[in-house]
Every structure is written in C-alpha cells, then in structure tokens.
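# Structural features, examined
Okay, here's what each chain looks like letter by letter:
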Amino acid sequence: MSGPPPAAVKVDPTSARLVRDFKHTSPFVGCRFDPTGQFVYAGAQDNAVVRFQLDSGKKTILNGHKSWIRAFAFALKEKLVFSGDQAGKLIIWPIEGDAPSPIATIASHKGWVRALATSPDGKTLASCGNDNLVKLWAVPEGKLLHELPGHANHVYNVAFHPEGKFLVSADLKGVVKVWDLAKGETVREMDAKILYKYDQGFGADIGGVRSMAFSPDGAHLACAGITEVTNAFAGIGKPLIVLFDWVSGKQKLLLRPKVNFQGTAWGVVMHPAGYILGVGGGNGGVLWAWKPGEALAYHALTLPNNARDLDLHTDGRWLAIPFFDNAVRIYDIGPK
Amino acid sequence: MTNRATYACNSPAHDLSRRSFLAGTAGALGSLSFGNFLHGAAAGKLEKDQKRVLVIWLSGGVSQLETWDPKPGTNTGGPFQTIETSVPGVHICELLPHTAKQMHRMALVRGINTIEDDHGKGAVIMHTGRRQEPGMTYPHLGSVCAKMLGSDRNPLPGYIHVTPRGNGGVNAADSAFLGPRYASISLDNGQAPANITRPTELNESSDAERNALRLRASERFLKKRRTADTEAYTHSYDQAAQLMRQKDLFDVSKEPAKYADMYGKHDFGRHCLMARRLLEGGATFVKVTHSNYDTHHENFDFHIEQLGEFDQPFAALLEDLHQRGLLSSTLVVVMSEFGRTPNINRNYGRDHWSRAWSVALAGCGIKGGAVSGKTNANGTAVTDRMVHGGHLFHTYLKAVGLDPKKNFYIDQRPIPMADPKASVISEVLA
Amino acid sequence: MPQRWFLLSVSLFVCAASAEAVAPPAVRSSAGAKAGGTEPLHRTIDRLVSAPKDFAQFDAGPAPDGEFLRRAYLDLTGTIPTATVARAFLKDASPTKRQFLIDGLLASPEHSRHLANVFDVMLMERRADRLVPRAAWHSYLRDAFAANKPWDELAREILASNGADPKTRPAAKFFLERGEPHLLTRDIGRLFLGMNLQCCQCHDHPRIEDYRQEHYYGIFAFIGRTTVLNAKGTGVISEKADGETTFQSVFDPAKVTKTSLPRVPGGKGLADTVVPKDKLYVVAPTAGAAGVPTYSRRARLAPEVTRADYEPFRRNIANRLWAHMLGRGLVHPLDMDYPGNQPSHAELLDALSADIAARKFDMRGFMREIGLSQTYARSSALPAGVKETDAPLYATALLKPLTPEQFGFALMQATGLTDSIRQSQGKTATEQSLYTALSPNLAPFIRAFGSPAGTPQGFDATVDQALFLANGPTLRSWLTPRAGNLTDRLLKLAGNDAVAEELYLSILTRLPDAEERKEVADFLTSRTKDRSAALQDLAWALLTSTEFRFNH
C-alpha cells in the first residue's frame, strides 16, 4: 500500500462484487491503485506496466521494463509512479499523460526488486530485493540514500509504519526487521517464520512474506504467505496471514480461511474500518475477509482465477486484484 | 586386470573353462562376450588413458528456459534475462553466470524431444538411452561405462552415485544384464559406502591375521576346484581391502580449505568436490544428483535457489578438472528426466515437458562451444536437429571412445549397446 | 541301528517337532524304476553321464561323506547340517546311509520350505510385492511341496488362477505381478517351456531359426485379451471376449499383418468357441468389474501348456530340477531349448523328460532319483593331473554358488544363531517357529547378493558384498558369544584340537586335516590373551572362505 490512508467509509466485505474487468494479453503478477485515485497500475508477464483508467477502462502500456514487475509505489505530490522489476531495475514514470515514458531508470538491486514503498511524508522511497538488501532512495530524484544490509535471504517486502519513524522489511524465511529510520539500524525483529519452510524432500526453501500491510492507525502489521507446506513443488500448503501487535512486536492472530484452501495468500490489506482482506491463489482464487479480532475469515468470495496481489483504493471501497487469466478486476465492498 | 580375467585369458579356447562357465547358475552373467577380459598390457594402457564420465543429474526436470535455451521477452520466457558466455553468440540464462564462463568447454544439445513426461520413464530414457519396454531392462550409462571403461583392478565401485538421499546401497537394477558388479552404489549425502570402516573392536593386525587364515583356507580348497567364480569371490575381498585403504577418497574434509570455498559449502558443492576426488582417485563413473527441480509451483523462485546452488560448484568442477588435466578425459553431462513446459502455469510453475529441451555436455570428446539443435521463438517445438535419448546415449559412448554400434551378448542374443535406431550427434563431438 | 539313529538325528536337528520328519522315509513304489522299464532312473543317469569313452580317467570318484552331506542338505533343505548331525553321519558305517539321508531330507518340512523359496525366486524373480503378498504365495508353494503336488497340477493352478477367488488367489501371483501380456508371454515361454522368445516379439529370432514370431504370438493370443483390473486395490485379471492377436515383422518390407490363434509353440491353433453375440460375457468388463467371458482364451492356456505329452513342458521342468541338483542344465541356458542349442546329454534329457512325465510330475520322486545317482554323489575335487577343461561334464561335481537364501541360512546355522534360537525356543520349537524367527535375517543377504527384480538369480562377487561380510554388523553379531551359539560352544571346549573339530564340523561339515588342526592350534596359541576374539576370527575366516561360499 502507498499513499494516504483511505477514508473510513461504511463498507461491507460480504457485498464484494465485480465492478470492473480489465483485460490484457498476458497474466498479471501485481497491481496498485495510484494515490490520485484515477488509475490502477499492474505488472504483467509480458514485462509491461499496464495502466487502466478506472472510469473509462482505458488501457495504456508503459514500456521500459525487460522483466516482470510486481513492485509499485507512488509519490503523490510529484505525481510519480515507481515500478520495480525482476531484473533489478527501478523505473520512475509520471502518473499522468497519454503515453508516459520513463523519467529515470535506476539499477537498484542485483536480482529481483521484490517490493517498493513510499514514506508517509512522501520524501523517501524504500526498495528491497534478491540481493538481501533494503535500500532507501530520495524522492523525487531517485538518489540512493542508504543501503540497509542485515537480511540473510531475499527480502520480499517493505512497508513504512504510518507514523513515519520506522520501516519494516520481511524476507523469505519470515524474518521481519524493524528499522529505525533516524538511526539507520535494526531495532527489533518480529517472527513470521511460520510463513517459511525448508522442504527436505525437494531440498528447497518455500514461503516468504508475499504481502505486507500496516493498519492505518499503525497498531497492527499483517504479513501474508503460505504455511504448513507438505509439498513445495506442487504448492501444497495453506494460506496464512500473520497479524502482529506493533507495540509488543508479538504475533496477535493467525488469520486463516474458514474453508480449507490450498495455496498462498498473495495479498493483504487492512481496511480503516478494521476489516482485514486477503486474496489467495493456488487451487483457484479466493478473496477472504476477517472481522477485527477474529482468526477465521467470516467471508470468502470465490474468484474467477488465481489471485496474485491485492490493493485498496483510497476511497476505501474498491479492491484491485491482478489475475493469472490476463485480467485486473476491481471489486466493490461499498454500499450498493 | 583381475585374477578372474587372468584365468579367462589362460584358458584354452577362450571359454573361461567349461567348469567355471557352467558353474554360475545365471547364464546371463556367464556369457557376456566382451568387457574386461583384457591382457595385462591392455589393462595398463587402459588406466593411463582411462576415460571417465561425470553425470550431474538435476532431479525432477530442470527448466531448459532457465538454463540452456532461454527465451526472454516471449510469452514463455519468464522474468529472467540472458547473459553472454565465453562463446560469442551463445547465450544462456542469467542464473548461470559462473557456468557461462565455462561455455568454451561445453556443448549444448537444444533439440531434444524424448516424448515422455513421466519422471520414472523419462529417467529410464535418459539413463539407458531407450524407452522402457516390458520384459527388457537395459543397463544405465553408468553400468555400461563401469563395464566398458573400468578396470577390474580398480577397487572403486564402477558406478558411484552421490546423492542427497538414497538407499545407501547397491541399486542392482541399474546394471540389468551386466550384473551387480556394475550396479550403482549410492553415497548418501556424500558419505562413504556402507561397511567401509573396520569395526572398532577389530584392530588392523587381527584383521590381517583373519584374512590370512581366510586365504589359506580358500587356497586349500581351490587347489582342486578353481573356477572363475571362486576367483571373483576371492578377488572381491582384495578389492574390499583396497577400498578400505582408500576410504579417504570419500572424505572431502581432507581437501584444502580453498576448495571448499571454490565449490561452495552447501551439500551440492560438497558432493561436486567429492566427485572430483573420486574421479581423480580413479573412479570410472560418478553421478551427482542435485535435488530438486520439479517446479510445478514457483518455478522461478525455485530455479533461483537451485541453480544458485548448481552454478558455482559446477563451474568450479569444470575448472578444477581442467586444471588437473582431467577434463580432456572426463565426459561431463548435465541432464534431467525432461525439461519444463514453456507455458507458465497459474502457480508460476512449469510442468513436465519432453518435447523441446536441452542437455549440456563438456569435457572428453566434446567440441567446446558447439550447439546442436534449435527450438522456435518461444521454445515450444524443436525446429532443427531433433534428437532423443538414443542419440544422446550414442553420443556419450562415442565421446569416451566406445563404439555405440557394438553389441552385448546375453547368451546368444545380441543386445546393441545403444539404440540401433539412433545415431551419434556428431556436431557436438570434437 | 545306526541309520535309524542318524535319521532321527536328522529329524531332531532339522526340526525337533515335526511328526512328518520323524516318520521313516516312505518307500515309493513308483520311484525306484522307470515306468515300463527295468532300469531305475538313477542308473540311467549314471550310464548316460559316464558314456564318454574316456570318462573313467577323469572320474573324480565319490565325494567324501562330509561333502555329500553338505551338498544334500544345501540342495534339499537350503542350509547346512549341524555339527551334531555331521558327527553322526561321519560315524555312521551303514552302506545305505546316503540313501537314508536323501529320503529323510526329502520328507522334511525344511525341504518343502526350501523348494518354496527356490520356486518363488525362479517364478517371481524377486519382483516387488504389489498385489499378492509374498507370505501367502510362499505358504501356497510350501503347502504344495509338502503335499508333493505334481508339477503339472501346480503349473496349471499358477497359470489358471485369475485372483478373484481368495482360495486360489496366491497362485495368481505369477500373472498379477506381471500383468502386462508381453511380459507374461516372455516369462511363460522362459519359465514353463524353456524358450526365451523375447526377440520374437518384433521379428523371428535372428540367430535361432527355431524361435519364430508365430510362437511368440501363439502364446500371446492366450492372454492378449487380459488386463489386470485394480479397481479395489487388490487386482484381478479381467478378460475381454474379443480382440485378435495380430503381428508384423519389423524386417518385413511388405508389412504383412498376420493373425494368430492361441497356440503353444509346436502345437495346433485352438479355434475359438463361437458364442452368440448377446451371451459373450458371464460378467461384462466395466471400470469396476473384471470381465469374465463366456469363452475364455486364457482358460485354455493352463491345460494346453501342461499337457503331459507336451515335450517342452516336461523337458523344461526336468532340466530345471536337474540344474537345481547338478548346478547346470542339460540345456544351458535354461530358457534356450531349441535344436540349435543341443543339450550336453541329449539322450539323458530325453530320459529325464520321459521319466518325469511317466511318474506324473512327481518332483520329489524325481529329485530322489537324481539324489541316489553316483553322478550326484561325485566329488567336486579334480583328480590329480587332470585339467578341468579336458574332463567331460559331470566327471567332477560342479561348484554351485550359494543363493542369497542358502548363504544366509547356512551362515545362521554355522555361527550357531539357529542353534541358539532353537535353544531359546525350547520345546515349542518347530520348523515354522524357527523359520519365522530366522527368516527376517535374510533381508540384508537378499539386498547384497540377490539379483535385480525381474532377472534370474545369478552369481557375481562384488566389493560391497565383501565389505558387508568383512565389516558389517550382521555376521559380526552372529559371532558374538551368546548361549548355544558357535563361539559360546567353542569357548567351553578344552583343548585346541576339540576346537578345531567343532569349528570345521559346524562350518564346513567335515573334520579338519592335520594341517588345519595345527593351524587352529598355532593361531590360538598366538592369541591366548583374547581367546573369544581369536575364536571369532578363526570362524570368520572359514565362513568367508571359498569352501563355504560354494556348494561343492
């Protein structure tokens, strides 16, 4: 998530319904609403950033990446979009314009850029990737400010705490580090190792924090992924969202579907109204909703295909989900 | 050369002597027509010119698109880029930066179509060069090499399989009609063969004494009853004793620290280093299994991890073999049971795919930098020089100086060493 | 009566509690003489084996008593005798003691058990258990041999059972575990008819003009309509009422397609019984039900193959039982019986083949005749000055490597593991209880010495086998002293000469000669400080000697 926290509107996740179905020619892997509220930006397996105008459905292809893009962040004031790809490139684009072209292309990480986030004050961009590093960049010029080494594995996600003093990064093995931005060092670690396993049979790691989000009030952090994996290479495991209490740094709840589902929780958002929403992909796709304080999802909506990410519009009503079947779909949880 | 072979050579009329020939209850073993029955001089020469084979088995089916035949920027290409190699014009996947620097010592076969998407049956094709057929089992490449390239004087098992996990013993089925002597022995997680260590309560001198007693007892018996089988039995203890003396070969901790760094300290690195120790120590055929590549889910994350483990040790192994002067006499093959689907499934996985995939070769008999075969733009079909497991098997044998058109004979039945319907892929041979 | 005492001792030491074994050997009316002739089979054997004119000059002569005793035990019961039995046999002065021994062993429950093992390995070739548990199959075979079920009857049951009836299901193991009709065609030819027609699947045999593609597809036609239906996880044979067997030669440029009726090689094609279209099935095949056709081609296989007048069937079993006793088939290899591969003794094989058919496939009687022959009783030691390559076949006994089962059981007996288990079982010990206790120990031997699944048991000596015997825990633990075992007995003996005798009798079934006695004494004198370890080293040396590894 990026941009200002969505307004607290009256929503009902059980009313989630499809309101937009944006089509492309290649599967999508990630997407974000822009903070101006006009667009959804999505990264596809054809290396394109695809911008859909929410009202008109107009599709604009942003060419510049040579690999898949799952990392997005925005600078609201400067109206910039940042996209990170799996060749280590970070591209800065204007949000608006008919045919945006890269403002700057930065070799940001060795290996994949896994996630991007902008600080609440809009001055800093954080990135993380397969070089086990977290990096901080100056907005808007994209100058490297700091490298934060410390993870021993691929860093899968970054997020700024809403108060702006701390940055959180999470890796393949479920190590969640809290960085004090003033000091530039790790001040705490949280344990999401439940989202990781070394599969002895296959001799490989499986898991990682696939999505991460703070609650707008900063009291909770949610980390999504897969757990209880019995077969890494077939993806046989269960989706899980680990909810942390920010003050104590301890796990508060383990959020699971009510009805068994096989696959990964690929996206999580924390709604200002207190709901937690997640999507999963594996054996099909599902959108889940949890009420505050409850461990089992109280609502599940079967999706048309494997869902691969999730974002919440600033209006608090719309959810954007990128799918394997070449679509980004928008679901509305607001009043009908 | 074994006593058994000596005995055979000394027999008139080539019959290993009728009694010995008859003594075995299995005709299958008694009458194999060629192999190790060499005269002393020939055996000596064989050792000097010893050819060896190293197979790296990427278990589960490595993706050709993430290794030897990348298709970036296409609908099947996935997120990875290509990189240049030490051979101009030959590009491979960015996940293999160290290997790319060894490409001038390697050849690629990119036009493989084995038409078999089942793990077990694909493994049969790749190990034996033939499709599985009811009622007939063919020996593994390792068993053929153990028999045809090995010397019976060599105490090391002819076909050694270094594996992360195995059954720890002999896999008798591997050698089929060639007999258990040429079956593979698994070294689980790179541990020495079972029972190689003398029991603690038995000291060396007692062991020597009891073996002297055994030999004297056998000699008394053999004065009037010597056969090829009895010779082989006696000889097996000599081999055991020699192997026990060489057990350090199985201990990579004896290597200088710099090699541990060069190969990497994880299991596959250790296993590659052990392979080099064994090859240098005279092993004929070593297979190292790296597990696992069966990436129906998260193909890309898993290939980063698995090829990240593979790349450096493999490149180090080629470099090290070259520096020791062994590469020119060691055929190196990187293979799997099949490749992976160009199509990327909904779980970021690639599934089983045998229609268009690749194998990499290096070393003995191989033309460095050669590339055979081509696939179409997004890798879904072979467009040039399609080959199957039989062609590969011919090529391996030819590369180490064997004639793949020759036959084994079980009883009176000729069994071609390699599938007679296939032939050598000559463009990858030096 | 010494013989009597000795037989009791066989019974007692082979099996303490079997009434069957204690009973005196039955004198078989049919066993002594060739049916319709005057010459007993064992005489015919000796006459024909010794027929070569220079045979006498190479004749190794009768095996010493110990060698004969060990051979008969290994061939007929799959293990070696105890030291007590060996002592009694060596002492026994009766001229008929060898005949009593053969009869006693053939009547023992150990014999049925051993033949069950031998036929299991022969017919199943160590295939993994998938559909029929080996225990049930093994019991079935053991009961058959205990009852001396004639081979044609046993073969008919094995070839006819479809696995549906629980009572006859074990017999279906041969079929069910193979399942695939081509594999079955090959193995029916190999194991029941002595013909390996494998090459003829695709063309006439390139080197054996008598093996033709039509032979292969004649057998195939009996079973080409069958599949194994594994709907309920058990597996039964399902058969269709239609489906022709057609074939082409890969060498035929015209690609002419031929059709075959069910037909055993050399036999006549069996025309199908015509069944009205609406009555093709008793049970029609479905996804869940095995097909049972009104007219079954498969049902005709067993009677056709096992006809007493069908020469390949009787030659095959005669040749295989001969090979079991003598270490080599008269036709060699056992599954290459065709005119171009003449038997070493053609007339003898004819006689054996006629005899076993005439005695209605009584295998026990047939083996008894072989066991009574001078040929069987001949020494394995070459006479001085004779080159083995010059000697006619069977002028000296052939060495037979112990099978994995024989090797394992012989080591258990020699080390006294068997004795100590028997002792601990006390009066409750039976052949069954001993087998139950001991047979799990075979596993490492089968792993180390057994041939790969789907291939006949062969012999090869490999380094891992030697390491297993030299350093492995199995043999080592059996030599560790425990009540009643060999090391325990040796430790209690006063005097090195007594030790030497007990060692040699227990392990090699013979007394030591002077040189061997001295060797034992010298060794023990040099190792007085650790006598137990020294005794184990001595025993190990004999157990791993060539003399022990082979049946000679």
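Criteria and thresholds
Residues numbered from 1 in each chain as written. Chains lettered and ligands numbered in written order. Predicted model: local features only at pLDDT ≥ 70, side-chain atom pairs only at ≥ 80, totals over all residues. Heavy atoms only, no water. Helix = DSSP H or I, 4+ residues; strand = E, 2+ residues; numbered from the N terminus. Buried < 20%, exposed > 50% of the residue type's maximum accessible area, 1.4 Å probe, protein only. Contact = heavy atoms within 4.5 Å. Areas by Shrake-Rupley, 256 points an atom, 1.4 Å probe, with all protein chains shown as cover. Rg over C-alpha atoms; globule rule 2.2 N^0.38 Å. Pairing = 2+ DSSP bridges. Axes fitted to C-alpha atoms, helices over the stretch in contact; angles between N-to-C directions. Expected span 1.5 Å × (residues − 1). Buried area = accessible area lost by both parts, 1.4 Å probe. Salt bridge = Lys/Arg side-chain N within 4 Å of Asp/Glu carboxyl O. pLDDT = per-residue confidence, 0-100. Polar contact = N/O pair within 3.5 Å; in protein donor to acceptor, adjacent residues only side chain to side chain. Nonpolar A, V, L, I, M, F, W, Y, C, P; charged D, E, K, R; others polar.

## Observations concerning the overall build of chain B
Within chain B one finds 13 helices and 17 strands. When the 430 residues of chain B are sorted by exposure, 64% land in the buried category. Considering only contacts within chain B whose residues lie at least 6 apart along the sequence, 74% involve residues at least 24 apart. Approximately 14,700 Å² of chain B is accessible, and the part contributed by carbon and sulfur atoms is 50%.

## Looking at the overall build of chain C
For chain C, the count of helices and strands is 28 helices and 8 strands. For 552 residues, the compact-globule estimate of 2.2 N^0.38 gives 24 Å, and the C-alpha radius of gyration of chain C, at 26 Å, lies within 12% of that figure. When each of the 552 residues of chain C is scored for burial, the buried share is 62%. Long-range pairs, those at least 24 residues apart, make up 70% of the contacts in chain C between residues at least 6 apart in sequence.

## As for the sheet that holds strand 4 (residues 106-112) of chain B
Residues and elements named next belong to chain B. Strand order across the open sheet formed by 9 strands is 6-7-5-8-1-9-12-4-13, with mixed pairing between neighbours. Strands with a single pairing partner mark the edges of an open sheet, and in this sheet they are strand 6 (170-171) and strand 13 (371-372). Relative to strand 8 (residues 285-291), strand 1 (residues 52-59) runs parallel, the two being bridged by 7 bridges. Paired with V53 across the strands is F285, a residue of strand 8. Sitting on the sheet, helix 13 (residues 389-399) is in contact with strand 4, strand 9 (330-335) and strand 12 (357-363), with an inclination near 160° to strand 9.

## Re helix 5 (residues 65-77) of chain C
Residues and elements named next belong to chain C. With 13 residues, helix 5 should cover 18 Å at 1.5 Å per step; its first-to-last C-alpha distance of 17 Å lies within 8% of that length. With 12 of 13 residues buried, helix 5 is to be regarded as a mostly interior element. Turning to helix 5, its buried residues number three or more, namely G66, E67, F68, L69, R70, R71, A72, Y73, L74, D75, L76 and T77. In the segment just after helix 5, G78 is the residue with positive phi, at about 80°.

## Digging into the arrangement of the chains
Between chains B and C lies the most contact-rich interface of the 2 pairs of chains that touch. For chain A and chain C, which are not in contact, the least C-alpha distance works out to 24 Å.

## Some thoughts on unusual backbone geometry
In this structure, the amide linkage connecting V139(A) to the following residue, P140(A), adopts the cis form with an omega of 15°. The residue P140(A) is located in the loop between strand 12 (134-138) and strand 13 (143-148) in this model. Backbone torsion omega between S291(B) and N292(B) reads 15°, so that peptide bond is classified as cis. With respect to the element layout, N292(B) can be found in the loop between strand 8 and helix 12 (299-323). The residue E298(B) is not glycine, and still its phi comes out positive at about 55°.

## Comments concerning the interface of chain A and chain B
Contacts between the two partners involve 37 residues from chain A, matched on the other side by 25 residues from chain B. Between chain A and chain B the total buried area reaches about 2,300 Å² when both faces are included, carbon and sulfur atoms providing 49% of it. Looking at the side of chain A facing chain B, the largest losses of area belong to W68(A), W112(A) and F233(A), adding up to 26% of the total buried there. Our enumeration of links across chain A and chain B arrives at 3 salt bridges.

## A few points about the confidence of the model for chain B
The share of residues in chain B with pLDDT of 70 or more is 88%, and the mean pLDDT across the chain is 87. Contacts from residues 1-46 of chain B, a stretch scored under 50 in pLDDT, to residues over four places away or in other chains number 112 contacts.

## Overview of the interface of chain B and chain C
Counting residues at the interface gives 66 residues for chain B and 69 residues for chain C. At the boundary of chain B with chain C, total buried surface from both sides reaches about 6,100 Å², with 59% on carbon and sulfur atoms. The tally of links from chain B across to chain C stands at 8 salt bridges. A salt bridge links R220(B) to E519(C), with the nearest nitrogen and oxygen atoms 3.1 Å apart. Linking chain B to chain C there are 15 residue pairs in polar contact (both at pLDDT 80 or more). For the side of chain B that touches chain C, the elements supplying multiple residues, two or more each, are helix 1 (3-10), helix 2 (18-23), helix 3 (27-30), helix 8 (204-222), helix 9 (228-245) and strand 17 (413-416) of chain B. The biggest single contributor to the side of chain B that touches chain C is helix 8 of chain B, with 12 residues. For the side of chain B that touches chain C, the residue count by class is 31 nonpolar, 17 polar and 18 charged.

## Re helix 7 (residues 97-106) of chain C
Among the 10 residues that make up helix 7 of chain C, 8 are buried, leaving the element largely enclosed by the rest of the structure. K97(C), R98(C), L101(C), I102(C), D103(C), G104(C), L105(C) and L106(C) are the residues of helix 7 of chain C that are buried.

## Points about the pattern of salt bridges
Pairing between side chains becomes possible if they bear opposite charge and their charged atoms approach one another. A full pass over the atoms with the stated rule returns 92 salt bridges over all chains. Of the charged contacts in the structure, one is a salt bridge between E189(A) and K177(A), with a shortest N-O distance of 2.6 Å. Of this pair, E189(A) sits in strand 17 (residues 185-191) while K177(A) sits in strand 16 (residues 175-180), placing them 12 residues apart in sequence. Here K177(A) falls in the buried class, since its relative accessible area comes to 8%. Between D537(C) and R527(C) there is a salt bridge, with the nearest N and O atoms lying 2.8 Å from each other.

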